[in-house]
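Fold and geometry: a report
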Amino acid sequence: MIIMAPVLLILLGATEILQADLLPDDKISLLPPVNFTIKVTGLAQVLLRWEPNPDQEQRNVNLEYQVKIHAPKEDDYETRITESKCVTILHKGFSASVRTILQNDHSLLASSWASAELHAPPGSPGTSVVNLTCTTNTTADNYSHLRPYQVSLHCTWLVGTDAPEDTQYFLYYRYGSRTEECQEYSKDSMGRNIACWFPRTFIHSRGRDWLAVLVNGSSKHSAIKPFDELFALHAIDQINPPLNVTAEIEGTRLSIQWEKPVSAFPIHCFDYEVKIHNARNGYLQIEKMMTNAFISIIDDLSKYDVQVRAAVSSMCREAGLWSEWSQPIYVGFSR
């Protein structure tokens, strides 16, 4: 013990000196990053990039950066690297700031901000589309083993209130790194594009990435202002109804069965609702379940119509839309 004590004291002293070197103090001056730029790298996507200040004293500490998005929607986060990718709408413009920070358990040191901005794209007010809505739907692809399911995309919009009569609109979507221009439009009575249909897309049928959609336009009389929007797939995916719904009555037991919808999601990823209706006496029963079978005890042995609908369970994806009801099937007999 007498021999070990000096060694222990030396180690403790070295630790204290090391910690003191790593702790920020009032003598450390943090400088803002330099060469901060914002670059559009894709539809509704920008890359923020900057460099450490060359005059910054390192002092054997790990500097970080705080990024603050001002517009079109406020956000705030920290990073150790000198670039950041943002998925965001751009028709309102985009602005952000970045600063150097150094923090520990007791304090936060920060430099001043470096800022950059992308101005909103040009165009006359009231000329961009309004009420842009999109839906996706999955179909089976019997010709491809690599992608047994295909996702279609359908978008609609209204003509801008101040758009000239000769305005023509054009739609593009981006999913991941792939961007496509619409080839199949629906038109209004004046020949203006007001809807788009993609029978096959690059959208993943079980994807979670944002879907970015842009509609721009042209006119001989005015500059048409572009409009872009981001869609969460779970919020716009129109699920198919369940398949092969069957129902039969045995005594007072009404037994209903069905198969999962056409979907890339496996069988355990669905919730269902069953609707049983008797028009003669006004009876209506709606039950929610996770299995693909249901038995109901009925008292009135008359004619019933049965329908089932489906939704992807929150166990597999964020909750989204219910499918349409399946076509009604009729069991029992009329009195």
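Everything below is about the structure shown above.
Scoring rules and cut-offs
Residues numbered from 1 in each chain as written. Predicted model: local features only at pLDDT ≥ 70, side-chain atom pairs only at ≥ 80, totals over all residues. Heavy atoms only, no water. Pairing = 2+ DSSP bridges. Helix = DSSP H or I, 4+ residues; strand = E, 2+ residues; numbered from the N terminus. Axes fitted to C-alpha atoms, helices over the stretch in contact; angles between N-to-C directions. Disulfide = S-S within 2.5 Å.

**Focus: the sheet that holds strand β15 (residues 210-218)**
- The sheet built from four strands is open, its strands ordered β12-β11-β15-β16 with antiparallel pairing. Unpaired on one side and paired on the other, β12 (178-181) and β16 (227-232) mark the two borders of the sheet. Averaged over all neighbouring strand pairs, the angle between strand axes comes to 20 degrees, with direction disregarded.
- By the bridge criterion, eight bridges tie strand β11 (residues 168-175) to β15 in an arrangement that is antiparallel. Following the sheet pairing, tyrosine 175 is matched in β15 by leucine 211.

**Observations regarding the sheet that holds strand β2 (residues 45-51)**
- A sheet is described by the order of its strands in space; here three strands give the open sequence β1-β2-β5, paired in antiparallel fashion. The sheet is open, and its two borders are formed by β1 (34-42) and β5 (83-87), each paired with just one other strand. Mean inter-strand twist for the sheet, computed between neighbouring axes without regard to direction, equals 20 degrees.
- Pairing of β2 with β5 involves five bridges; the strand directions are antiparallel. Bridging across to β5, glutamine 45 finds its partner in valine 87.

**Overview of the state of the cysteines**
- Scanning all chains against the criterion turns up three disulfides.
- Residue cysteine 182 pairs covalently with cysteine 196 via a disulfide, S to S 2.1 Å. Judged by the torsion about the S-S bond (115 degrees), the cysteine 182/cysteine 196 disulfide is right-handed. You can see cysteine 182 sitting in the loop between β12 and β13 (185-187) and its partner cysteine 196 sitting in strand β14 (residues 193-198), a full 14 residues away along the chain.

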